[in-house]
Amino acid sequence: MSDITIGAHKSAAGGYAKACERVADIGGDCLQLFSSSPRTWASADLSEKEVDDFKQAKEKHGLDPVVFHAPYLINLADRDSTGEKSVKAMVNELNTADRCGIIGSVVHVGSYKTDDEKPEDKAHFKHLIENIQAVLDKSDNGANLYIENMGTRKIGKDIEQIARIIDDCGRPDRLKVCLDTCHMHAAGIDLSSDESYQDFFSEFDDVIGLDRLEVIHVNDSKDPHGSLRDRHENIGEGSIPESVFTNILTKKPTKDLPLIIETPGFDENGPDQKNLKQLRSLLH
Ligand SMILES: [Zn+2]
Ligand SMILES: [Zn+2]
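Right, let's walk through the structure included here. This is a predicted model, so every value here is computed, not measured. (Residues numbered from 1 in each chain as written. Chains lettered and ligands numbered in written order. Predicted model: local features only at pLDDT ≥ 70, side-chain atom pairs only at ≥ 80, totals over all residues.)

So, on to the sheet that holds strand β10 (residues 259-261). Spatially, the 8 strands close up into a barrel ordered β1-β2-β3-β4-β5-β6-β7-β10, and their pairing is parallel. Along the sheet, successive strands turn relative to each other by an average axial angle of 30°, direction set aside. The sheet contact formed by strand β7 (residues 213-218) and β10 spans 3 bridges and is parallel. Along β10, the bridge assignment pairs I216 with L259. (Pairing = 2+ DSSP bridges. Helix = DSSP H or I, 4+ residues; strand = E, 2+ residues; numbered from the N terminus. Axes fitted to C-alpha atoms, helices over the stretch in contact; angles between N-to-C directions.)

Rendered as structure tokens:
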């Protein structure tokens, strides 16, 4: 048995405890789920019983960690009502996480309506920073906010942008990072050789700090390297070289982190056992 931690994003339909069962059924060690419907503004409002049921299921299946993925509607860079709703939704999400013993929420921080090439140059940047600070201030608890790197022109395409956000927020302890292999591939980041892998993570350590990297999304890609398109594909079926996955599974820092798949599934029903097996097979 290896000591790596591999899991999947699973549906929370029927309750968070159900999501625990679903990921355990496919052999996962850790879990990502939505706190509520990812395409609406409805926010989670759990009863004590639902929290207890989830905690019991998490314990029973030995899932560690469990993390939320924030709804896709979130845009913390928006200056209008969407920005306000995003702050509120993220505060509720982090409070729910804290109640449940969930480590936090992975978020796509957002995008601007025009010319996204250099979002850090925009006056909007200040607003993004204020919104992230508001989320952390108003959810005064132990749950983290994980900025996910993006594969498109959205904010967070490269680690310098993410570093700038963390720096301008004052480097709060609860602001962390999640890296997605499909998004890195789309953004033109190369992890396929030993050297490129080491170079990338040593730069990450310099500009952000490896102590902030806590979650890895492991997905293959339907799109070419550097294409700024980031459609997820099943492991081994896409355009990401196998050596990228082998590096992720066997090298520090990633091999020690929870590796979570968000693949379409070989039967199109989402992350499945076959994807986890494909990954584990690279360890031998
Ligand atoms: Zn994501
Ligand atoms: Zn992802």
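Okay, the nonpolar core next. C20 and V107 are the most contacted members of the largest nonpolar core, which totals 76 residues. Ranked by the residues each element gives to this core, the list is headed by helix α3 (residues 81-100), at 6 residues. Once residues lying within four places of it in the same chain are set aside, the contact partners of C20 are L31, F54, A57, K58, H61 and L63. (Core = buried A, V, L, I, M, F, W, Y, C linked by C-beta atoms within 7 Å. Buried ≥ 20, exposed ≤ 12 C-beta atoms within 10 Å, placed from the backbone. Contact = placed C-beta atoms within 7 Å.)

The next thing to look at is unusual backbone geometry. Here D64 and P65 are connected by a cis peptide whose omega angle stands at 0°. Structurally, the position occupied by P65 is in the loop between α2 (48-60) and β3 (66-69). In the segment running from K252 into P253, the intervening peptide bond is cis, with an omega of 5°. Tracing the backbone through its elements, the reader meets P253 in the loop between α8 (242-250) and β10. Here the phi dihedral of L228 falls at roughly 60°; this positive angle occurs in a residue that is not glycine. Secondary-structure assignment places L228 in the loop between β8 (220-221) and β9 (232-233). For L228, a count of 16 C-beta atoms within 10 Å translates into the label partly exposed.

Bridge analysis of strand β1 (residues 6-9) against β10 gives 3 bridges, and the strand direction is parallel. Bridging from a neighbouring strand, A8 pairs with I261 of β10. Here β1 runs beside strand β2 (residues 31-33); their pairing, made up of 2 bridges, is parallel. In the sheet register, H9 faces β2, and the bridge partner there is Q32. In this fold, β1 hands off to helix α1 (residues 16-25), which returns the chain to β2; that crossover is right-handed. (Right-handed = clockwise from strand over helix to strand, strands pointing away.)

Now for the packing of α1 against α2. Contact pair α1 / α2: the axes reach a minimum separation of 7 Å and the direction vectors enclose 15°. Classified by the interaxial angle, the pair formed by α1 and α2 is roughly parallel. For the pair α1 and α2, the sense of crossing is left-handed. Here Y16, A17, C20 and E21 of α1 come into contact with α2, specifically with E50, D53, F54, A57 and K58. (Parallel < 35°, antiparallel > 145°, perpendicular 65-115°, else oblique. Left-handed = near helix turned anticlockwise from the far one by under 90°.)

To continue, consider the pairing of strand β5 (residues 144-148). For β5, a buried count of 5 out of 5 residues is recorded, marking the element as mostly surrounded by other parts of the structure. Burial along β5 is two-sided: N144, Y146 and E148 and L145 and I147, pointing in opposite directions, are all buried. In this sheet, β5 lies alongside strand β4 (residues 104-107) in parallel orientation, the contact comprising 4 bridges. Residue pairing in the sheet places V106 in a bridge with Y146 of β5. Alignment of β5 against strand β6 (residues 175-180), held across 4 bridges, turns out to be parallel. Opposite L145, over in β6, you have L175 as the bridge partner.

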